[in-house]
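# Structure assessment
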Amino acid sequence: MTLRDDRRGPAAPATPAPARRRRPSRALEVQEAVKEIIVRRGLAAGDPLPTETELMEELDTGRNSVREALKALQAVGIVDIRHGFGMFVGQMSLSGLVDELAFHSRISPQDEPNHLAHLTEIREVLENGLASRLIDRHGGALEELLGPVREVVEQMEAESLVGAVAPETDRRFHDLLYRPLGNPLVGRLLGAFWQVYYQLSDDLGTPDESPEYVARKHRDIYTAVIEQDRAAVEAAMSAHFAGIRTRLDRLRGA
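Now for a look at the structure at hand. Just so it is clear, the model here is predicted, and its values are computed rather than measured.

Definitions and cut-offs
- Residues numbered from 1 in each chain as written.
- Predicted model: local features only at pLDDT ≥ 70, side-chain atom pairs only at ≥ 80, totals over all residues.
- Heavy atoms only, no water.
- Helix = DSSP H or I, 4+ residues; strand = E, 2+ residues; numbered from the N terminus.
- Buried < 20%, exposed > 50% of the residue type's maximum accessible area, 1.4 Å probe, protein only.
- Contact = heavy atoms within 4.5 Å.
- Areas by Shrake-Rupley, 256 points an atom, 1.4 Å probe, with all protein chains shown as cover.
- Axes fitted to C-alpha atoms, helices over the stretch in contact; angles between N-to-C directions.
- Parallel < 35°, antiparallel > 145°, perpendicular 65-115°, else oblique.
- Nonpolar A, V, L, I, M, F, W, Y, C, P; charged D, E, K, R; others polar.
- Lys, Arg positive; Asp, Glu negative; His and termini not counted.
- Salt bridge = Lys/Arg side-chain N within 4 Å of Asp/Glu carboxyl O.
- Polar contact = N/O pair within 3.5 Å; in protein donor to acceptor, adjacent residues only side chain to side chain.
- Phe/Tyr/Trp six-rings, centres within 6.5 Å; stacked < 30°, edge-to-face > 60°.
- Pairing = 2+ DSSP bridges.
- Core = buried A, V, L, I, M, F, W, Y, C linked by side-chain atoms within 4.5 Å.
- Arc of directions from axis to C-beta.
- 1 Å grid on protein atoms, 1.4 Å probe; cavity = no way out; pocket = protein on both sides within 12 Å on 5 of 7 lines; lining within 4 Å.
- Points joined across faces, edges and corners; volume = space filled by probe spheres on them.
- Left-handed = near helix turned anticlockwise from the far one by under 90°.

The next subject is the overall build of the protein. When you go through the protein residue by residue, the secondary structure sums to 12 helices and two strands. Listing the helices and strands of the protein from first to last along the sequence gives α-α-α-β-β-α-α-α-α-α-α-α-α-α. Here the protein, with 254 residues, has 35% of them falling under the buried criterion. Within the protein, counting contacts between residues at least 6 apart in sequence, those at least 24 apart form 70% of the total. For the protein, the computed accessible surface area is about 16,000 Å², with 53% contributed by carbon and sulfur atoms.

What follows is the structure, encoded as structure tokens:
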């Protein structure tokens, strides 16, 4: 028996077949179609949307796909479903972000800075920047523009004499302080930060600062902005956020 002389060498490896692109689900396609309808028709928050039946006809799809898509859009605030009234374009909401930040702050390792610590750092940087922008834009007109802020500070001082400064009063101070900038997203972002703190208030424990101290630190911020003293603004902001940092350190056992 003779051996065959195989001079062709080893066989080349087989070329893998190209990966097939997975087609989006029908419900996902309907989500995108509904968003396109909103944009194409120039609808704004609060405007009515086509009914479920109308969407089925317009998009040539079944009821289950439409309902699944609408539920997903409702979860992210794009669609507002009011039972008995209809469907509307939703208002912008950061509730999903709030819930996610609060949840992940709870499950972070205890010996590491959690999401709330990082959020506090971001908020301090943001508020310093916003205060600086106020000074740049409005300068000498700040005392008049921030009259409502002065009233809130006086309310804080009055509250501190009889008990704790109400969280709503504290929140209103920061909301009104930046309102002259005319940026509606500022209030929403600060509101989202507040909601995270509120959800985690039991974990954070009782503040160490006295009500008088809280009121004084807010007056320091207000005064520094009115006087257009950027260094004083930064110092007052740092003192204001020192309390939350102390509570976070205590929570971590630092």
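At a closest axis distance of 12 Å, the pairing of helix α8 (residues 167-177) and helix α11 (residues 211-226) adopts a crossing angle of 5 degrees. With respect to their mutual orientation, α8 and α11 come out roughly parallel. Note on element contacts: α11 touches α8 through Val214, His218, Ile221 and Tyr222, opposite Asp170, Phe173, His174 and Leu177. The residue inventory of the contact of α8 with α11, partitioned by class, reads five nonpolar, two polar and one charged.

This part covers the side chain of Asp170. When you line up the elements, Asp170 lands in helix α8. For the buried Asp170, no salt bridge exists, and the shortest N-O distance to an oppositely charged side chain is 5.3 Å, to Arg123. Polar side-chain contacts of Asp170 include one of 3.3 Å to the side chain of His174. Sequence-distant contacts of Asp170, that is, excluding residues within four places in its chain, are made with Met156, Trp194, Val214, His218 and His240.

Inspection of every chain in the model, using the stated rule, returns one aromatic pair. A centroid spacing of 6.5 Å and a plane angle of 90 degrees characterise the contact between Trp194 and Tyr197, whose relative ring orientation is edge-to-face. Of this pair, Trp194 and Tyr197 both sit in helix α9 (residues 184-199), three residues apart, which is roughly one turn of the helix.

Before going further, it helps to spend a moment on the pairing of strand β2 (residues 86-89). As paired elements, strand β1 (residues 79-82) and β2 share four bridges and run antiparallel to each other. The partner of Val79 across the bridge, within β2, is Val89. Here β1 folds back onto β2, and the loop between the two strands holds three residues, one of which, Gly84, carries a positive phi near 90 degrees.

Attention now goes to the pattern of salt bridges. Within this structure, the stated rule accounts for 13 salt bridges. A salt bridge links Glu58 to Arg41; its shortest N-O distance comes to 2.9 Å. Of the two residues, Glu58 sits in helix α2 (residues 52-59) while Arg41 sits in the loop between α1 (26-40) and α2, which places them 17 residues apart along the sequence. One salt-bridge network, held together by shared partners, links Arg40, Arg41 and Glu58.

All right, on to the nonpolar core then. In terms of nonpolar packing, the biggest core is built from 42 residues, with Leu116, Leu146, Phe173, Leu177 and Tyr178 touching the most fellow members. Of all the elements, helix α5 (residues 115-138) adds the most residues to this core, at seven residues. Ignoring any residue separated from it by four or fewer positions in sequence, one finds Phe173 in contact with Val149, Val152, Val153, Met156, His218, Ile221 and Tyr222. Ile38, Leu59, Leu70 and Leu73 belong to the second largest nonpolar core, which has 15 residues in total.

Further remarks concern α2. The α-helix winds at 3.6 residues per turn, so residues separated by three or four positions along the chain end up facing the same way. Within α2 the residues assigned to the buried category are Glu52, Leu55, Met56 and Leu59. For α2, the angular spread of the buried residues around the axis is 105 degrees, confining them to a single face. Positive backbone phi, approximately 50 degrees, marks Asp60, located one or two places after α2.

Let us now look at the layout of surface pockets. Of the voids in this model, the largest pocket is the one considered here, and its volume is about 880 Å³. For the largest pocket, the lining is made up of 29 residues, of which Pro167, Asp170, Trp194, Pro207 and Arg247 are closest to its centre. Listing elements by their share of the lining of the largest pocket, those giving two or more residues are α8, α9, α10 (201-204), α11 and α12 (230-252). Per element, the largest residue contribution to the lining of the largest pocket is six residues, and it comes from α12.

The geometry of helix α7 (residues 147-162) relative to α11 is characterised by a closest axis approach of 8 Å and an angle of 165 degrees between their N-to-C directions. Classified by the angle between their axes, α7 and α11 sit roughly antiparallel to one another. Like other packed secondary-structure pairs, α7 and α11 cross with a definite hand, here left-handed. The segment α7 lies against α11, with Val149, Arg150, Val153, Glu154, Met156, Glu157 and Ser160 engaging Pro211, Glu212, Ala215, His218, Arg219 and Tyr222. Each residue belonging to the contact of α7 with α11 can be placed in one class, and the counts come to six nonpolar, two polar and five charged.

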